[in-house]
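Below, each chain spelled out in residue letters.
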Amino acid sequence: MFSLDNRQLGLLMMLSVLITNLGQPIFGYLTDRFRWRNVVGLGVFISVVFTCTVGFMPNVWLFAAALVLAGVGTALFHPQGGGLAAHASGQRRAFGMSIFALGGAVGYAVGALAGPMLHRLGERVGLGPLQGFIFALPLGVLLAYILHVFTGSYQVAAAKSSFHLRVHLLPYWRQLTPVFVVMVLRAVTVVAYGGFFQVLVGDRGLSVYHQGLVLFSFAFGGALGGMLAARFSELWGARFITAVTLLLSPPLLYYAVYAPFAAGVVLLFLAGVMVRGGEPVNIAQTQDLLPHGVSMASSIGMGLTWGVAGVATPLVGWISDYTGSLAYAIVLTAVLPIPAAVIAWAAPVARLQKSSPMDVPSDDDCTRHS
């Protein structure tokens, strides 16, 4: 639409990633601090409206503004959505968060196929680039309304005391830091492959449907990997599963870039299984460490991590423009899961906070609240 080079495209991606993800800790803190209720539907509504209308923006500045506002909606949804999923999971938070992540990953994967279809549909009826997304607006608004109604009747009761950073987060930063670093290193790789692999496929002359297929494969592999890793972590432990899945991912990521298209799709699916497998396990670890601020903990794993990783996207674009090889720039990030695995394995097993019934709501509390 705006004839951007890879560096500029990386900056635009970074802007979207930063707003979407770094906004989550802010909203997570506000949700726990002021006990906000039922904002998940509102967040989805805001995101839907600006995502579906982004193609109507006449210049790159308004296009970026629409991305920012869509990101604000996403940032508003995730912390409380993750908190609800964690509460509903009981003692099996890793598995519960893998279900929550599965929904997002499958939606992201399906969107990778639906996006090109809506784009083509818009072109066939005389609309401009990306303006076909408007056809998804009614469904998105309906789903936001349903979510608002459902979460209004099922809410986690507020903790007896409000969340305070000094009391409920800062004392545990030593335990959180290794998990956070592991998640950031993983996220840089995922952002690079998820953001640029489809651009690489397009540069090779393949259609937007092929581009959507590679993103679908990577995202769906991540969803399946999260479910499997969460289940196995209950048997073998979070540290073992995190380290093993990360170590198995670099060869798959490397060969996916240079393989023929069909083989590359399969390899990218398997790479998604491995590189993203430990993601819900690590999110559950942050929630276990911060039971007094589950929304805040969710925003660290699902937001802050990806916001920090998003800073790497302009660097990938710059390396691509400098070397003349987008494939080389992407592959450089395939080595990051190795130090992430070392950190995950070497880090001491964190001692989880022992929550008190006076601080963390029980099922009976939630029943009475409903």
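Scroll up a little and you will see the structure.
Keep in mind that what you see is a predicted model, and the values were worked out from it rather than measured.

What counts as what
- Sequence order sets the numbering: in each chain, residues are counted from 1 along the sequence as written.
- In keeping with the predicted nature of the model, local features appear solely for residues at pLDDT of at least 70, side-chain atom pairs appear and are counted solely at 80 or more, and the whole-chain, interface and lining totals rest on all residues.
- Each side-chain value is derived from all of the structure's non-hydrogen atoms; neither hydrogens nor water enter the calculation.
- In this analysis, axes come from line fits to C-alpha atoms, helices being fitted only over the stretch in contact, and the angle between any two N-to-C directions falls in the range 0 to 180 degrees.
- Counting from the N terminus, the helices are the DSSP runs of H or I reaching at least four residues and the strands are the DSSP runs of E reaching at least two.
- Angle categories are assigned with fixed cut-offs, so that under 35 degrees is roughly parallel, over 145 is roughly antiparallel, 65 to 115 is roughly perpendicular, and the rest are oblique.
- Handedness of a crossing is defined here by the sense of rotation of the near helix relative to the far one, left-handed for an anticlockwise turn of less than a right angle and right-handed for a clockwise turn.
- Residues count as neighbours in contact if any of their non-hydrogen atoms are within 4.5 Å of one another.
- Note on residue classes: Ala, Val, Leu, Ile, Met, Phe, Trp, Tyr, Cys and Pro are nonpolar, Asp, Glu, Lys and Arg are charged, and everything else, Gly too, is polar.
- Each residue after the first adds 1.5 Å to the expected span of a helix.
- Each residue is placed in one exposure class: buried if its accessible area under a 1.4 Å probe, protein chains only, is under 20% of its type's maximum, exposed if it is over 50%, and partly exposed if it falls in between.
- Two rings from Phe, Tyr or Trp (for Trp, the six-membered ring) form a pair when their centres are within 6.5 Å of each other. A pair whose planes differ by under 30 degrees is stacked, one over 60 is edge-to-face, and the rest are tilted.
- Geometrically, a charge over a ring is one whose NZ (Lys) or CZ (Arg) sits within 6 Å of the ring centre while staying within 35 degrees of the ring normal.
- By nonpolar core is meant a set of buried Ala, Val, Leu, Ile, Met, Phe, Trp, Tyr and Cys residues that side-chain atoms within 4.5 Å join together.

**Q** Summarise the packing of helix 7 (residues 173-203) against helix 10 (residues 261-275); cite the residues concerned and give the values.
**A** Relative to each other, helix 7 and helix 10 sit at 160°, their axes nearing to 12 Å. With respect to helix 10, the element helix 7 is oriented roughly antiparallel. In the packing of helix 7 onto helix 10, the handedness of the crossing is left-handed. Taking contact as the criterion, the partners of R186, T189, V190, Y193, F197 and V201 in helix 7 are, on helix 10, F261, L268 and V275. Of the residues in the contact of helix 7 with helix 10, the class split is 7 nonpolar, 1 polar and 1 charged.

**Q** Let's hear about the packing of helix 9 (residues 238-258) against helix 15 (residues 337-346): which residues, and what values?
**A** Put simply, helix 9 and helix 15 touch, their axes get as near as 8 Å, and they point 170° apart. Taken together, the axis directions place helix 9 and helix 15 in an arrangement best described as roughly antiparallel. When the axes of helix 9 and helix 15 are compared, the crossing they make is left-handed. Touching R239, F240, T242, A243, L246, L247, S249, P250 and L253 of helix 9 are P337, I338, A340, A341, A344 and W345, all from helix 15.

**Q** Quick one: what's the story with helix 10, residue by residue and with numbers?
**A** The first and last C-alpha atoms of helix 10 sit 20 Å apart over 15 residues, in line with the 21 Å expected at 1.5 Å per residue. Listed as buried for helix 10 are G264, V265, L268, A271, G272, V273 and V275. Structurally, helix 10 contributes buried residues whose contacts are with helix 7, helix 8 (208-236), helix 9 and helix 15.

**Q** I'd like a rundown of the packing of aromatic side chains, residues and numbers included.
**A** The final tally for this structure, using the stated rule, is 12 aromatic pairs. When the ring of F2 is compared with that of F63, the centres are 5.5 Å apart and the planes differ by 70°; the resulting orientation is edge-to-face. Note that F2 is positioned in the segment before helix 1 (6-34) and F63 in helix 3 (residues 60-89), a separation of 61 residues in sequence. Aromatic pair F240 and W345: ring centres 6.4 Å apart, planes at 65°, arrangement edge-to-face. In this pair, F240 is assigned in helix 9 and W345 in helix 15, connecting sequence segments 105 residues apart. Note on F240: relative accessible area 34%, which makes it partly exposed. In this structure W345 comes out as partly exposed when scored by relative accessible area, which is 48%. Three or more aromatic residues joined by ring pairs make a cluster, and in this case those are F232, W236, F240 and W345. The lysine or arginine in question, R239, covers the ring of W345, its NZ or CZ lying 5.3 Å from the ring centre.

**Q** Explain the nonpolar core residue by residue, including any values.
**A** One broad rule of soluble globular proteins: the nonpolar side chains tend to lie buried together. One finds Y193, F197, F218, L253, V257, L268 and I330 to be the most contacted residues of the largest nonpolar core, which totals 34 residues. V40, V44, A86 and A144 belong to the second-largest nonpolar core, a separate cluster that totals 12 residues.

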